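# Understanding the architecture of this molecule
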Amino acid sequence: MGIEQLAVNNPWWSDRSSIAQDKHITDFYAARLHWFPSLLSKIHLDEDLVYIIRGPRQIGKTTTLKLLIESLLSGEIDPRQICYLDCELAGIRNFTHLINLIDEYITFIRPLLQAKRLYLFLDEITFIKD
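First, a word on scope: everything that follows refers to the structure included in this document. This one's a predicted model, so the numbers in the text were calculated from it and none came from an experiment.

Moving on: unusual backbone geometry. Despite not being glycine, Gln 58 has its phi angle at roughly 65°, a positive value. Mapped onto the elements, Gln 58 comes out in the loop between α2 (23-30) and α3 (61-73). The backbone of Glu 124 sits at a positive phi, close to 55°, despite the residue not being glycine. For Glu 124, the location among the structural elements is in the segment after β2 (119-123).

Take a look at the structure:
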């Protein structure tokens, strides 16, 4: 996986409104029971922090990440500042592969965005050994 594949998994890079077609977002808004993850109010995306969201499968972790991305996209930031990576679907098998991919993204995007904050969302990170 390289920048081209990352771009496929981050369609908002070319069309900010594409987040509205994301499966997790459409399922969230189509659900008969509406819930708002309380975790969203506790995450401060305007600070240099690392958050780890853990829990059993199918409790809404990915949906929460996508809602955070949707929130960022509703603001003034450049959509290319937001990078989402599902490590399981991407087939990332080891730490070195992950680091190389993140480094490739940062190397690609830094000259375009200069000193702006980047938002990196790593989903299914436990898929990577160790």
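Of all hydrophobic cores here, the largest spans 31 residues; its most connected members are Leu 6, Trp 12, Ile 69, Ile 82 and Phe 121. Those elements that provide at least two residues to this core are α1 (3-9), α2, α3, β1 (82-86), α4 (95-113) and β2. Residues contacting Ile 82, with those up to four places away along its chain left out, are Asn 10, Trp 12, Trp 13, Ile 69, Leu 72, Leu 73, Ile 77, Tyr 105, Tyr 119 and Phe 121.

Enumeration over the complete set of coordinates arrives at five salt bridges. Here Asp 22 ties to Lys 66 by a salt bridge, and the two come within 2.6 Å at their closest N and O atoms. Of this pair, Asp 22 sits in the loop between α1 and α2 while Lys 66 sits in helix α3, placing them 44 residues apart in sequence. Each member of the pair, Asp 22 as well as Lys 66, carries the same accessibility label: buried.

This brings us to the environment of Gly 2. You can see Gly 2 is positioned in the segment before α1. Through-space distance from the C-alpha of Gly 2 to that of Asn 100 is 9.3 Å; in sequence the pair is 98 residues apart. Contacts of Gly 2, omitting those with residues within four sequence positions, involve Leu 101 and Glu 104.

With respect to the helices and strands, the residue Asp 78 is situated in the loop between α3 and β1. The exposure class of Asp 78 is buried, given its relative accessible area of 17%. In sequence terms Asp 78 and Leu 68 are ten residues apart; their C-alpha atoms lie 15 Å from each other. Leaving out residues up to four positions away in the same chain, Asp 78 has contacts with Arg 16 and Leu 113. Side chain to side chain, Asp 78 and Arg 80 meet in a polar contact 2.7 Å long.

Its place among the elements puts Arg 93 in the loop between β1 and α4. Classification of Arg 93 by relative accessible area gives exposed; the value is 54%. Linking Arg 93 and Lys 129, residues 36 residues apart in sequence, is a C-alpha distance of 6.7 Å. Those residues in contact with Arg 93, other than ones at most four positions away along the chain, are Phe 127, Ile 128 and Lys 129.

The contact between α2 and α3 brings their axes to 9 Å, and the two run at 95°. The pairing of α2 with α3 is recorded here as roughly perpendicular in orientation. Contacts from His 24, Ile 25, Phe 28 and Tyr 29 in α2 reach Thr 62, Thr 63, Lys 66, Leu 67 and Glu 70 in α3.

Take α4 next. With 19 residues, α4 should reach 27 Å at 1.5 Å per residue; the first-to-last C-alpha distance of 26 Å fits that figure. Within α4 the residues assigned to the buried category are Leu 98, Leu 101, Ile 102, Tyr 105, Ile 109 and Leu 113. Tucked into the core, α4 has its buried residues touching α1, β1 and β2. Measuring from the side-chain oxygen of the N-cap residue of α4 to the backbone nitrogen of Thr 96 gives 3.1 Å; that N-cap residue is Asn 94. At the C-terminal side of α4, Gln 114 shows a positive phi close to 55°.

Rules used throughout
Residues numbered from 1 in each chain as written. Predicted model: local features only at pLDDT ≥ 70, side-chain atom pairs only at ≥ 80, totals over all residues. Heavy atoms only, no water. Helix = DSSP H or I, 4+ residues; strand = E, 2+ residues; numbered from the N terminus. Core = buried A, V, L, I, M, F, W, Y, C linked by side-chain atoms within 4.5 Å. Buried < 20%, exposed > 50% of the residue type's maximum accessible area, 1.4 Å probe, protein only. Contact = heavy atoms within 4.5 Å. Salt bridge = Lys/Arg side-chain N within 4 Å of Asp/Glu carboxyl O. Polar contact = N/O pair within 3.5 Å; in protein donor to acceptor, adjacent residues only side chain to side chain. Axes fitted to C-alpha atoms, helices over the stretch in contact; angles between N-to-C directions. Parallel < 35°, antiparallel > 145°, perpendicular 65-115°, else oblique. Expected span 1.5 Å × (residues − 1).

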